[in-house]
Amino acid sequence: STNDRTVGIDDLPIRDELRGKSPYGAPQLDVPVQLNTNENPYPLPEPLVARIAERVAEAARGLNRYPDRDAIELRTQLAAYLTKTGRHPVTVENVWAANGSNEVLQQLLQTFGGPGRTAIGFEPSYSMHALIARGTGTGWISGPRDDDFRVDVTAAEQAIAENAPDVVFITSPNNPTGTAVEAETVLALYEAAQAAKPSLVVVDEAYVEFSHRDSLLPLIEGRPNLVISRTMSKAFGAAGLRLGYLAAHPAVVDAVQLVRLPYHLSAVTQATALAALEHTDTLLGYVEQLKTERDRLVDELRVIGYEVTASDANFVQFGRFDGAAGSHEAWQKILDRGVLVRDNGVPGWLRVTAGTPEENDAFLEAVRALKKEQQ
Ligand code: PMP
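Residues numbered from 1 in each chain as written. Predicted model: local features only at pLDDT ≥ 70, side-chain atom pairs only at ≥ 80, totals over all residues.

Caption draft 1: Inspection of the overall build of the protein chain at higher detail. Of the regular secondary structure elements, the protein chain holds eleven helices and twelve strands. Here the C-alpha atoms of the protein chain give a radius of gyration of 21 Å, agreeing with the 21 Å that 2.2 N^0.38 yields for 375 residues. Oriented by its inertia axes, the alpha-carbon framework of the protein chain measures out at about 60 × 60 × 55 Å. In the protein chain, buried positions account for 45% of the 375 residues. A separation of at least 24 residues holds for 72% of the contacts in the protein chain among residues at least 6 apart in sequence. (Helix = DSSP H or I, 4+ residues; strand = E, 2+ residues; numbered from the N terminus. Rg over C-alpha atoms; globule rule 2.2 N^0.38 Å. Buried ≥ 20, exposed ≤ 12 C-beta atoms within 10 Å, placed from the backbone. Contact = placed C-beta atoms within 7 Å.)

Rendered as structure tokens:
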């Protein structure tokens, strides 16, 4: 029959590099406290919901037409936001937007990576970098981090010199460790990457609004091969919106348009994102609360007796458990107490997203109990 389940993916004539692979995604389990996907726990405020309805209604009246293919109004407002918060003036010409920063990263790899080319990331890091590389036929090189999960500049420079990758990913703050990267490190790796190839350096700042440090946006000045990638999924509390963006030299913005699908950003998406940007100040207020809660999680986890990696993001990496088996067991025991955290496959460590104060209390109670049990 049409739905004969004895036929699987590998029976189809798919690309060899996709054989035997699973799709990316954390388990979406229905438990009371979900602190596993680095989402913002606060629903959008009602006045913003009303404004979205208004702007979407306006957009709906024109849905018989294709949307603005160049998303000029949205890119202009994103540029204004970056200029206001990033200590560096940018304009519509410096900004490009797509459906989540994942699509931004995919477009970058379609443009600057691809068959016969390679990309490097410093792992553990955001695993989608490697998966988007695979999906675009880009070879993947796993670069090193030190024991404290920082980018080891000398080792990284050496890996870049040896491999001469076409694309270098630097995630700051890093996911899943929370570690921020110094501007000097980015500059050193940029120099190494230019000397080796030259290559495109992508700084993934998905979590930068939660950082103790400023954005690395000013570094794009005079560096046409440096890209800053951002998202509205975290700080703007709009993971469901699917809106990511980049800031770079206008030539990079021109280049990604060679691979973008025409009208990739729907009129509904553009209208919703514009409404959210009107409420930036309120949304950044939630970010401040989450930073306080993040710092509280770090402090209390240490008091309980866990090791914690210093965090500049809206999540915290904690451990140590006894290798991969230990972290998986701990993950299950925390889940048994109704709290879902993330096992990112970093042996001995788990990651918890900062939630509301109540959610964080529930998490802390669960790990306090776990600690008692394991002592
Ligand atoms: N970069 C990093 C480091 C992330 O952790 C994430 C989301 N988990 C993304 C990019 C992608 O986010 P989005 O596509 O929702 O913008």
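Caption draft 2: Layout of the domain arrangement of the protein chain. For the protein chain, the assigned domains read domain 1 (26-45 + 282-374) and domain 2 (58-278). A straight line from the C-alpha centre of domain 1 to that of domain 2 covers 26 Å. Taken together, the contact between domain 1 and domain 2 spans 25 residues of the former and 21 residues of the latter. Every element with two or more residues in the side of domain 1 that touches domain 2 is listed here: helix H9 (280-304) and strand E10 (315-319). By residue number, the principal contributor to the side of domain 1 that touches domain 2 is H9, which donates seven residues. (Domains from an automatic or database assignment.)

Caption draft 3: Representation of the nonpolar core within the structure. Ala97, Val168, Leu189, Val201 and Val227 are the most contacted members of the largest nonpolar core, which totals 99 residues. Of the residues forming this core, the biggest block, six residues, is contributed by helix H8 (residues 267-278). Residues lining this core come from more than one domain, with at least three contributed by each of domain 1 (26-45 + 282-374) and domain 2 (58-278). Not counting the four nearest positions on each side in its chain, Val201 is found in contact with Val168, Ile170, Leu189, Tyr190, Ala193, Asn225 and Leu226. (Core = buried A, V, L, I, M, F, W, Y, C linked by C-beta atoms within 7 Å.)

Caption draft 4: View of helix H3 (residues 100-112). The terminal C-alpha atoms of H3 lie 19 Å apart, and with 13 residues this matches the ideal 18 Å at 1.5 Å per residue to within 8%. Every buried residue of H3 is accounted for by Gly100, Ser101, Asn102, Val104, Leu105, Gln106, Gln107, Leu108, Leu109 and Phe112. Of the residues trailing H3, Gly114 is marked for its positive phi of about 105°. (Expected span 1.5 Å × (residues − 1).)

Caption draft 5: Region of the structure containing the UniProt feature "modified residue: N6-(pyridoxal phosphate)lysine" (unreviewed entry) in the protein chain. Here, UniProt's "modified residue: N6-(pyridoxal phosphate)lysine" (unreviewed entry) annotation points to Lys234. You can see Lys234 is positioned in the loop between strand E7 (226-231) and strand E8 (244-247). In contact with Lys234, other than residues within four places in its own chain, are Asn38, Asn40, Ala206, Tyr207 and Asn314. (UniProt positions renumbered as here; feature names shortened; annotations may be inferred.)

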